[in-house]
Every structure is written in C-alpha cells, then in structure tokens.
Amino acid sequence: MRSPHQIDHSLKHNQPFLTSMTKKERYTRLIEYFQKAMPDANTELRFNNPFELLVAVMLSAQCTDKRVNMVTPALFKAFPNAKKMSEATKEEVLEYVKSVSYPNSKAEHLVKMAQMLVEEFQGEVPDNLDDLVKLPGVGRKTANVMLSVVFNQATMAVDTHVFRLSHRIGLVSEKCTTPLAVEKELVKNFPEELIFRAHHWLILHGRYVCKSQRPLCGECGIIDFCKEGLQRQKNVKKK
Ligand code: SF4
C-alpha cells in the first residue's frame, strides 16, 4: 500500500490540456486525480486515542508532523491521559516538548487543556466544536481536525497548506481571504463523504509538491487543471 503522501506520477498529464474550466469541472478533475493518486490520504501524526491526537495537533502548530512524532512517544508515556497531564507542571511537560516550536506556550496550553478536560469533560475529549474551542490552545483549525479524524464529521480544517492550495488551484474565490471563508467554500463544493480525504489531499500535496516558496509545478500531477499552474505554463510559453 502506498503511504498517504506518495504520489503516483503515472497519473500525470493523462488528460488533454485545458485552458479554462468551470470551478465544478476543476473539483471533479481534482477528485478523480487524488482518488487514484492518494486514496488513503490521512494524518501523518501518530496517536492511539483522541487525547493523544489532540496533544499532537496542538504541538504541530507551526511545526512539522515529523518533529512532533519524534517527541510524542516519550510524552505520551509520561502523561498517558488527561488526568496525568493535568497534574503535571508546565516545566515537567516542557522537558518533553523542548524541540518543537513555541515550546513554552505549548507546554502551558497542554497542561491547562488537560486540566479543563478533567474539570469539565470527565477527562474525555469533547466531540463538538463549541466545547473543543473552549479548551486552552485549541482554535477552530485544531477542533476541525479532531472532529474530522476522530469523530468522523465532515469538517474542513484550513491550515496554511489548505489555504494556499485552495487559492492556487482555483478551488475558492479570491474573495475568500480568511481561513473561515475558505473552509465554507471547500465544504460547499466537496461531496460530504470526501471532505475528510480532501483535507489530507490538500495538506499532503502542499507539504510535498505545491510548497509555499517553490511549488514543484513541473512534477505536479494536477498542473493541467490548476489555475496557477496553467498561468505559469502560459508565462513560460510567452518567454
Ligand atoms: S501546478 Fe504548481 S501551483 Fe498548481 S498545485 Fe501543482 S505545484 Fe501547486
């Protein structure tokens, strides 16, 4: 089985070059492509239960999943549940997360998040947006990841990759200038049953191909129906 981020490049350029297309056609082509190229796309964070995923997602803000996966085994061993973490000091948690970005504030948020889980949610991770975003250090994006990955809800977490790719590919209008606006547009256009996968398609494609500073358009399997990719092809032809 392919790992989630491995792309089958044999799927590339097997359709005629398209100079213009409707948004609906673009969604259809994108879904067709990724269903073949990344049928099993999923989170790269390692976890065994909702609490562990919540901790991992909180640590992953502005940090790579690879780095987070390096620190979480020892962290989860030391603090296997909300109760254990709620009894720890920030300094004790910090010892385990020193190598991730913003370790001080993340350690503080983890302890406070665990304390609220114990005090208000019987130590369990809540399964709804309103309660999740009450937790210290948990914003809408983290909450949507939890709802999608753990609770199988059709939510779209818009991180920096999803936001960038949605605009580059032309999945959302230029008027969608906030993560929330992008989220609403994507949720409206992807079939409900594919929203979970679509989230991971965009993240993984952004992480490995459509990189922020230097998108690898020449190696990209969706260049023939990507708004920015088509524009770049045109620019090259003009030169
Ligand atoms: S063609 Fe280029 S801009 Fe478009 S998704 Fe691929 S890498 Fe990104």
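Worth saying up front: this structure is predicted, and the values here are computed from it rather than measured.

Enquirer: Outline the overall build of the protein chain, supporting the account with residue identities and numerical values.
Expert: Counting secondary structure elements, the protein chain contains 12 helices and 0 strands. Listing each helix as α and each strand as β along the protein chain from the N terminus yields α-α-α-α-α-α-α-α-α-α-α-α. Considering only C-alpha atoms, the protein chain reaches an extent of 60 × 35 × 30 Å along its principal axes. The 239 residues of the protein chain split such that 37% are buried. If you take every contact in the protein chain between residues at least 6 apart in sequence, the share linking residues at least 24 apart comes to 61%.

Enquirer: Hey, could you go over the site of the ligand for me, with residue numbers and the actual values?
Expert: Lining the immediate surroundings of the ligand are 13 residues, of which Cys-210, Cys-217, Cys-220, Cys-226 and Gly-229 lie closest. Elements with a contribution of two residues or more to the shell around the ligand: helix H9 (160-169) and helix H12 (227-238). Looking at the shell around the ligand residue by residue, the classes come out as 10 nonpolar, 1 polar and 2 charged.

Enquirer: Summarise the nonpolar core; cite the residues concerned and give the values.
Expert: In terms of nonpolar packing, the biggest core is built from 63 residues, with Leu-54, Val-55, Met-58, Leu-110, Met-146 and Ile-222 touching the most fellow members. Of the residues forming this core, the biggest block, 8 residues, is contributed by helix H2 (residues 50-60). Here this core spans two domains, since at least three of its residues come from each of domain 1 (9-40 + 156-238) and domain 2 (50-149). Discounting residues that sit within four places of it in the chain, Ile-222 has contacts with Leu-30, Tyr-33, Ile-169 and Gly-229.

Enquirer: An account of unusual backbone geometry is requested, with residue identities and associated values reported.
Expert: Trans is the prevailing form of peptide bonds, just as negative phi is the prevailing case for residues other than glycine. Its identity is not glycine, yet Tyr-102 carries a phi of approximately 50 degrees, on the positive side. Note that Tyr-102 resides in the loop between helix H5 (90-97) and helix H6 (103-121). Residue class for Tyr-102 comes out partly exposed when judged on the 14 C-beta atoms lying within 10 Å of it.

Enquirer: Break down H6 for me, with residues and values.
Expert: Here H6 contains 19 residues, and its C-alpha end-to-end distance of 25 Å stays within 8% of the 27 Å for a straight helix at 1.5 Å per residue. All of the buried residues in H6 are Lys-106, Ala-107, His-109, Leu-110, Val-111, Met-113, Ala-114 and Leu-117. Looking at the buried positions of H6, the neighbouring elements they touch are H2, helix H4 (82-86) and H5. Gln-122 sits one or two residues past H6 and shows a positive phi near 50 degrees.

Enquirer: How would you explain the packing of H5 against H6 if you had to name every residue and give the values?
Expert: Where H5 contacts H6, the two axes come as close as 8 Å, and the packing angle between them is 125 degrees. Considering the angle they form, H5 stands oblique to H6. Helix-helix and strand crossings are classified by hand; for H5 and H6 the assignment is right-handed. Only Pro-103, Asn-104, Lys-106, Ala-107, Glu-108, Leu-110 and Val-111 of H6 make contact with H5, whose side of the interface consists of Lys-90, Val-93, Leu-94 and Val-97.

Enquirer: Please provide a residue-by-residue account of the domain arrangement of the protein chain, values included.
Expert: What the domain assignment lists for the protein chain is domain 1 (9-40 + 156-238) and domain 2 (50-149). Spacing between the C-alpha centres of domain 1 and domain 2 amounts to 30 Å. Counted by class, the side of domain 1 that touches domain 2 contains 5 nonpolar, 1 polar and 1 charged residues.

Enquirer: Break down the environment of Ile-203 for me, citing the residues and quoting the values.
Expert: As for its position among the elements, Ile-203 is in helix H11 (residues 195-208). Classification of Ile-203 as buried rests on a count of 24 C-beta atoms within 10 Å. For the pair formed by Ile-203 and Ala-157, sequence separation is 46 residues and the distance between their alpha carbons is 9.8 Å. Once residues within four sequence positions are removed from consideration, Ile-203 is found in contact with Asp-159, His-161 and Val-162.

Enquirer: Give me the lowdown on the confidence of the model for the protein chain, citing residues and values where you can.
Expert: When pLDDT is averaged along the protein chain, the result is 91; 92% of the residues meet or exceed 70. Across residues 1-17, where pLDDT falls below 50, the model places 27 contacts with residues more than four positions away in sequence or in other chains.

Enquirer: Provide a residue-level description of the environment of Val-172, including the pertinent values.
Expert: Structurally, Val-172 is set in the loop between H9 and helix H10 (179-189). Owing to 23 C-beta atoms within 10 Å, Val-172 belongs among the buried residues under this scheme. With 13 residues separating them in the primary sequence, Val-172 and Glu-185 have C-alpha atoms 6.2 Å apart. Leave out the neighbours within four places in its chain, and Val-172 touches Ser-166, His-167, Val-182, Glu-185 and Leu-186.

About the criteria used
Residues numbered from 1 in each chain as written. Predicted model: local features only at pLDDT ≥ 70, side-chain atom pairs only at ≥ 80, totals over all residues. Helix = DSSP H or I, 4+ residues; strand = E, 2+ residues; numbered from the N terminus. Buried ≥ 20, exposed ≤ 12 C-beta atoms within 10 Å, placed from the backbone. Contact = placed C-beta atoms within 7 Å. Near = placed C-beta within 6 Å. Nonpolar A, V, L, I, M, F, W, Y, C, P; charged D, E, K, R; others polar. Core = buried A, V, L, I, M, F, W, Y, C linked by C-beta atoms within 7 Å. Domains from an automatic or database assignment. Expected span 1.5 Å × (residues − 1). Axes fitted to C-alpha atoms, helices over the stretch in contact; angles between N-to-C directions. Parallel < 35°, antiparallel > 145°, perpendicular 65-115°, else oblique. Left-handed = near helix turned anticlockwise from the far one by under 90°. pLDDT = per-residue confidence, 0-100.

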